[in-house]
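# Descriptive analysis of the structure
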Number of protein chains: 12
Amino acid sequence: MQITPTGTLRVSVIHGPNLNMLGLREPDIYGTDTFDDTNRKIRDHARSIGVEVRITQSNHEGAIIDAIQDAVSWADAIIINPGGYTHYSIAIADAIRAVRLPAVEVHISNIHGREEFRRHSVVAPATAGQIAGFGTASYLLALDAVRHLIMDAKH
Amino acid sequence: MQITPTGTLRVSVIHGPNLNMLGLREPDIYGTDTFDDTNRKIRDHARSIGVEVRITQSNHEGAIIDAIQDAVSWADAIIINPGGYTHYSIAIADAIRAVRLPAVEVHISNIHGREEFRRHSVVAPATAGQIAGFGTASYLLALDAVRHLIMDAKH
Amino acid sequence: MQITPTGTLRVSVIHGPNLNMLGLREPDIYGTDTFDDTNRKIRDHARSIGVEVRITQSNHEGAIIDAIQDAVSWADAIIINPGGYTHYSIAIADAIRAVRLPAVEVHISNIHGREEFRRHSVVAPATAGQIAGFGTASYLLALDAVRHLIMDAKH
Amino acid sequence: MQITPTGTLRVSVIHGPNLNMLGLREPDIYGTDTFDDTNRKIRDHARSIGVEVRITQSNHEGAIIDAIQDAVSWADAIIINPGGYTHYSIAIADAIRAVRLPAVEVHISNIHGREEFRRHSVVAPATAGQIAGFGTASYLLALDAVRHLIMDAKH
Amino acid sequence: MQITPTGTLRVSVIHGPNLNMLGLREPDIYGTDTFDDTNRKIRDHARSIGVEVRITQSNHEGAIIDAIQDAVSWADAIIINPGGYTHYSIAIADAIRAVRLPAVEVHISNIHGREEFRRHSVVAPATAGQIAGFGTASYLLALDAVRHLIMDAKH
Amino acid sequence: MQITPTGTLRVSVIHGPNLNMLGLREPDIYGTDTFDDTNRKIRDHARSIGVEVRITQSNHEGAIIDAIQDAVSWADAIIINPGGYTHYSIAIADAIRAVRLPAVEVHISNIHGREEFRRHSVVAPATAGQIAGFGTASYLLALDAVRHLIMDAKH
Amino acid sequence: MQITPTGTLRVSVIHGPNLNMLGLREPDIYGTDTFDDTNRKIRDHARSIGVEVRITQSNHEGAIIDAIQDAVSWADAIIINPGGYTHYSIAIADAIRAVRLPAVEVHISNIHGREEFRRHSVVAPATAGQIAGFGTASYLLALDAVRHLIMDAKH
Amino acid sequence: MQITPTGTLRVSVIHGPNLNMLGLREPDIYGTDTFDDTNRKIRDHARSIGVEVRITQSNHEGAIIDAIQDAVSWADAIIINPGGYTHYSIAIADAIRAVRLPAVEVHISNIHGREEFRRHSVVAPATAGQIAGFGTASYLLALDAVRHLIMDAKH
Amino acid sequence: MQITPTGTLRVSVIHGPNLNMLGLREPDIYGTDTFDDTNRKIRDHARSIGVEVRITQSNHEGAIIDAIQDAVSWADAIIINPGGYTHYSIAIADAIRAVRLPAVEVHISNIHGREEFRRHSVVAPATAGQIAGFGTASYLLALDAVRHLIMDAKH
Amino acid sequence: MQITPTGTLRVSVIHGPNLNMLGLREPDIYGTDTFDDTNRKIRDHARSIGVEVRITQSNHEGAIIDAIQDAVSWADAIIINPGGYTHYSIAIADAIRAVRLPAVEVHISNIHGREEFRRHSVVAPATAGQIAGFGTASYLLALDAVRHLIMDAKH
Amino acid sequence: MQITPTGTLRVSVIHGPNLNMLGLREPDIYGTDTFDDTNRKIRDHARSIGVEVRITQSNHEGAIIDAIQDAVSWADAIIINPGGYTHYSIAIADAIRAVRLPAVEVHISNIHGREEFRRHSVVAPATAGQIAGFGTASYLLALDAVRHLIMDAKH
Amino acid sequence: MQITPTGTLRVSVIHGPNLNMLGLREPDIYGTDTFDDTNRKIRDHARSIGVEVRITQSNHEGAIIDAIQDAVSWADAIIINPGGYTHYSIAIADAIRAVRLPAVEVHISNIHGREEFRRHSVVAPATAGQIAGFGTASYLLALDAVRHLIMDAKH
């Protein structure tokens, strides 16, 4: 990893399909935080630990790939919740491999304890690590995790 | 289901990828009705049974998810032919789960009697029911089916 | 299909095992309509669309095969809910293939959203199409579907 | 379970295919007790613990389903050895689910230690429990087990 | 095998489901000989080689098991075409095991060159051998095969 | 089996991992009897039928194997509930094979009707039989079953 | 099949690997007839039914393919026992497809009742039919079967 | 194939997701040619063999389907590198089937020698042929291959 | 969750097999922090966020189960790295289910990007969430995650 | 790759089993070019692009391995159509790995669009790339591909 | 491998579960040598070739892992018979990986020719090699193998 | 085993495909000993322990089978490294079964730790034991192993 972060860390946070429905969508699984609440928490926590975030959401697999490719020009790392694409989007995994930025995969629910088809992530082998099951707090933990990754890479 | 349809029933009819090629595309499998013929039949039948339809088609998985999410603001039900996405789009299935509208899955051909990979629908567990194999009449039957679903829900 | 229906359409409606328990049997899955209610609805709807039906039910796989074979002498089409046999009765599927009548597979519940073993129908490849998930209304939709099949075959 | 057994417990004992051949059939696997011996033992033990039994045997899957459905009108519980049907008869399993009586699955041999295809029971998920491997004594243990089930349900 | 055939050999020929439709049923697969033609050929050939046959056909799995069990009292061998039951009837296989008569499995078509699900016979492990693919002549070859089996057993 | 029990029958009852949590652990699955209750019932029933029991429990796979090996010096039979080890401990199964004592596998819940991974027992092929699904009464039935096994072996 | 056999029928009989060891090799499975005995029986029976045979044996997959290709210039049909190659030699199957001669697959033992890996023949889909399980008599039955095949083709 | 190319051959070259990253993306796998280099080579080679090409790239599955459908109005053939979509996009395969133009599937790396999930192409059954493993030269070979396909179709 | 943490949060941190070898063991996968370094970091971070930790390590599956059961008497939550047991210890998963404490599964490496057999955790369905891939920082993130879990449970 | 081609490139072209039957063999799949036609085309094209070819064909897996090993002494590259061996000959794949010459795998038909068992090549992981589906032109494209491979290796 | 054996080679010989039962345990599979006989043979042979051995046996998976870890402080190599743990103990395999000592896996019986579940060793990928099937002589061969491994490492 | 070795033991050592390339072939996997070096070591070691060896190598599966069959006339045992044929040659396994000589399977590399397809040997069930992973020393250990096998057979 040839990253040399000077000063602030820049992170691209990418939400996959249906995450814009947060709060409305199956609240017993995904909790009651709305999408706006979640992003506000992300921004607040990022600011508090000196991280600059840009947040995007799309239902379009291609748009998510575009966002990953865009990150290469400005970001130090990627936090991505690939939503339903987690389980089949080899194209998203390839995009992460292509940009060679450290990436953290995030899931609101504990995908490893749900339906069989949700327990396998094709995106995971392209990322540094995964955080799943802590509600919207998974994103906040991911921000902290990115810091650990970048610091470890510097040493 | 907390739906309380007053007067006309509103249904979002969503055609997935390649359905715009109907009539041109493998007519021995999909029949000779064109896409326009099919939509005209859908509109005629809908009108005759007092249903208001809005019809969309897209080759883009993301656009189909957008359409499903849009339906939540005005429609009482969804009729969807996910085309090729039927067999892998967990993201479309998640969108249907997220909007919590009754949905009917439609297929022009009898997918259960075709190639092995077409016999499994990842979308099906998110829908109320499935109609497959009756050519473009599958859509007309789906309109009737929606009425049955809503009525049963009211009782 | 060399069928030339003159005047009324004749349809053999065949209920598989345990459907005689309708109304009593797991009502959260199969609804509260009794077997008699269901048959009355089928007869009423058939009459209203000019279809003559004969209805049989058996728990015996062999009796169901017999009924399919009998249909060849008088019926224009078959509507069949193979019940539990759906998932393993190659013999029933072979019977449908043998008589070469258009057949519609019906299920009260949405089998594609239930236990894994219920998502695969060995009967389906022998039929024209499938209707599943609309409660006992699935049978009524199947009657309409048969009309579409016969009409399409005539054109 | 809404069962309120007053006085004697009534149990329907159902033998599946080929059990009428007991004693003649592969005695190294199924033992030397004949079918009549077995039923006499069942009746004796039932009488000794105050249980009234009715015993049926059939090679016909449909007849077994009929017997299960009949039990609903008079029996408090079912003891069933589904024989070869154990491994594929979803229809028998559905019948047990339909009648909602506590059922005990019995096997003379230890099916879990025989050929791979005998180790999986599709009937089991519909029953309360299973007793396998104790020769014809499996039936006697099942009678005792039924008593435990009914008593636990009463408390 | 403790068989001591004195004089004429007696063989039970058992046809499984849908074989009564021979000649009408998918003639490109099963040929144009009718069921009666086939049985006449079987009787003629049996007579010419000094074999006494009794022929039964049933669509009922249970009736086929009954017929196998009946054979034990008079027949020296069984010839069986289990039809669609070939692929799942463990109960029929168990019946053959139970009666311990030499059995020949017959198929009109070459099941090993058809759909995947037809390539596996659960009945086969219970039989002495299999003849498949020679049209209705498969039965005639099976009669000859039975003679070879009995003679080899005598030596 | 060269066992010649003179007088009292001695049985080693071995509880696997987490069974010491009985009563506290998922009571809807495992019931409300505590571990002490269960052992008291086992001892009472054993005494009433003239069986001497020694009861051990361990969360350690190795300790369970040790207990099985110890049994060889004093016990006539083993009753074992391998708990979670049921599904993968080939080492426990090998231990039972090594000591060559008749063993009965016990489960409180009906493992064949629970999650897919609980439906397969690697221990089963090493035992004489299995009793599952009758709550803590499964152990009492197992004591009776042991008696049947030993008696059958004597005849 | 454009075969016009004039006068005598010519058949290439091809023995695969290890069949030259017949009589020596696992006699409980393959019988006590030696390879020479078997060929003598084949020649005798062929002569008696007016068939000219040429017999080859090879342990070499390539030599078997060569023999199949050679047959195209003189034989009316092929009888082949592919031995161990049965289960993986797509190349032998392709050779049979390439020469387009009717072929009969022969096995001495009932391969469908042996180890799992012996139950699947990759050669079968390229042949007209299969005869298995009748000891060396399987070859004699195959000679008769060839006659049936050619006669049916002529009608 | 009813194609009658007069004069110049027109080919639609479609690059799938992440191919715009060529040169930057895992150069040990995909080489050091940039995306622009690659397209220049394609254009140069096309010109030299009298082929007119139009080149598109998209990360969006839907846009790729749109491009395939657009080709029907002007192109004689399609060259497509579906990138990561190769392994799951039944929708892209269906689009190729729908337009019925000869298509060549191209891969820069030898997908058959990489991770297991890359060895299976769901797009392949819809194409005429595949060229994989020759770096960006795969595209140039595909242009030549298209010429062979069209010429063979003309003869 | 009936947890009512007053003041300090108590967490049982359980290290599975081979984690005592940290620093020595495959440092390219598991990093260069020793076991003692890791525990010191855990204690420091716990203290800084007001969490009291007790740390145990064992190579014994049974000892890990014991530790989980012990936690029920004093801890508010469990952090567990099951090491190699992750992939088969149903007994550890059952222990977590039995104690009903919120648990966080931790992995030093990103198991989802390693060998196939490491990508599936049988422990996961029993936990609230998972953190994997961040070196020994995974434990620190898990401490934070526990706080989020407990706080969410309180609201 | 330590190849230093001076002047002419030398290529060993190896045809696998049944390719000598070209033109006669299933012409709808493999075309009407005979084996001699094909080799003439190969020689002509090779000469036109300055490549020296030696062509061998064998039905013998061992002879193909011999040919691959021979190539090491004189050839710069290998073009191989392994025919039916493609799908199981690990020994041929190992031979290619052993000689460490760049190899191109050729198929006349598009194996990825045929029967399931033809879609997997065990030889592929040992080669540089694959060309499939262009009839006998596949060989000509392979000759060009070899030139690209060698040239890329030189740069 | 940074091993620099000076003088005597030290080897830790670790016996897994149930090996203490040798001689008593299924002697047709494991032979009649007792555990003590076996260890005496090991010690004798070790002495004769100048190897110092320490022998441990445990039924406890954790104790085996402890023994592997202990070896790191004094042994040059490990000889391990993981017994039943062979087939699932990823934790033992990880321990061997962790200590980075050359290890030889030993089996008394030929596990590759026994039940399907015994043919796969999860421990094998962590070892240098395997010796199976030579009775207790497998251990003696392993001692010789260790010498070969160390000597090869020195060159 | 009816072997009565008088004086010298005679062993047929058979090398499978590509082993003649030893030393040249992937030396990181197979080592740097050439084929001649290896055979010299085998002969030296054999002489030193009083074993007479005959060594053959072939790339031809059929020739390997021939060699196995030849051994029956003079050898007391077989040592075989089936190379790539290990994983699919049922015909070689059958040949070993046919000759009924004790056989030892040898591999230079530890096949159980390599690619998935190399971990399964279809030859193994036909052999007495296996030695894998010790470089060319595997052959020397196999010679010693043969002595153990013959001696054990004598006792």
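None of these values were measured; they are calculated from a predicted model. Each chain carries its own residue numbering, running from 1 in the direction its sequence is written. Each chain takes a letter, starting from A, and each ligand takes a number, starting from 1, following the order in which they are written. Totals for whole chains, interfaces and linings use all residues, but because this is a predicted model, local features are given only for residues with pLDDT of at least 70 and pairs of side-chain atoms are given and counted only at 80 or more. Calculation of side-chain values draws on the structure's entire complement of heavy atoms; hydrogens and water are dropped beforehand.

Whether two residues touch is decided by their heavy atoms; if any such pair falls within 4.5 Å, the residues are in contact. With 17 residues of chain E in contact, the opposing surface of chain D contributes 16 residues. Defined here as a combined quantity, buried area equals the accessible surface (1.4 Å probe) lost by two parts on assembly, summed across both. Of the roughly 1400 Å² buried between chain E and chain D, counting both surfaces, carbon and sulfur atoms make up 51%. Counting the surface chain E buries against chain D, the share from its top three residues, Q69(E), I90(E) and D94(E), is 35%. The working definition used for a salt bridge is a side-chain nitrogen of Lys or Arg within 4 Å of a carboxyl oxygen of Asp or Glu. At the junction of chain E with chain D, the criterion picks out two salt bridges. Here R118(D) ties to D94(E) by a salt bridge, and the two come within 3.0 Å at their closest N and O atoms. Think of a polar contact as two N or O atoms within 3.5 Å of one another; within protein, one of them needs to be a possible hydrogen donor and the other a possible acceptor, and neighboring residues in sequence only count if both atoms come from side chains. Our count for the chain E to chain D interface comes out at 13 residue pairs in polar contact (both at pLDDT 80 or more). Numbering of helices and strands starts at the N terminus; helices are DSSP runs of H or I of at least 4 residues and strands are runs of E of at least 2. When contributions to the side of chain E that touches chain D are tallied by element, the ones reaching two or more residues are α3 (61-71) and α4 (90-99) of chain E. Counted by class, the side of chain E that touches chain D contains eight nonpolar, four polar and five charged residues. Throughout this entry, Asp, Glu, Lys and Arg are counted as charged residues, while Ala, Val, Leu, Ile, Met, Phe, Trp, Tyr, Cys and Pro are counted as nonpolar. The remaining residues, Gly among them, count as polar.

The subject of this paragraph is the relation of the copies chain I and chain A. For these two chains of identical sequence, chain I goes onto chain A by a turn of 180° and a shift of 0.0 Å along the axis, with RMSD 0.0 Å. Both chain copies can therefore be described as sitting about a two-fold axis. Using C-alpha coordinates, one finds that chain I approaches the rotation axis most closely at I131(I), a distance of 2.3 Å. When you check the interface residues of chain I against chain A, 100% turn up at the interface there too, and the contact is symmetric in its surfaces. Overlaid copies result from least-squares superposition on C-alpha atoms, with residues included only where pLDDT is at least 70 in both.

Okay, unusual backbone geometry next. The backbone phi angle of E26(G) is positive, close to 30°, even though this residue is not glycine. For R100(H), which is not a glycine, the phi torsion comes out positive at approximately 50°. Within the fold, R100(H) resides in the loop between α4 (90-99) and β4 (103-107).

Right, let's talk about the packing of aromatic side chains for a bit. Note on ring pairs: Phe, Tyr and Trp rings are taken, using the six-membered ring of Trp, and paired if centres are within 6.5 Å. Classes follow the plane angle, with under 30 degrees stacked, over 60 edge-to-face and the rest tilted. Per the stated rule, a full pass over the model turns up 24 aromatic pairs over all chains. On the numbers, 5.8 Å between centres and 80° between planes, the contact of Y88(A) with Y88(H) is edge-to-face. Here Y88(A), found in the loop between β3 (77-81) and α4 (90-99), pairs with Y88(H), found in the loop between β3 (77-81) and α4, and the two come from separate chains. When sorted by exposure, Y88(A) lands in the same class as Y88(H), which is buried. An aromatic cluster of three or more residues is present, and its members are Y85(A), Y88(A), Y85(B), Y88(B), Y85(H) and Y88(H). Positioned above the aromatic ring of Y30(F), the side-chain terminus of R25(F) is 3.9 Å from the ring centre. Relative accessibility thresholds used throughout: buried, under 20% of the residue-type maximum; exposed, over 50%; partly exposed, between the two (1.4 Å probe, protein chains only). Working rule: Lys NZ or Arg CZ, within 6 Å of ring centre, within 35 degrees of ring normal, means a charge sits over the ring.

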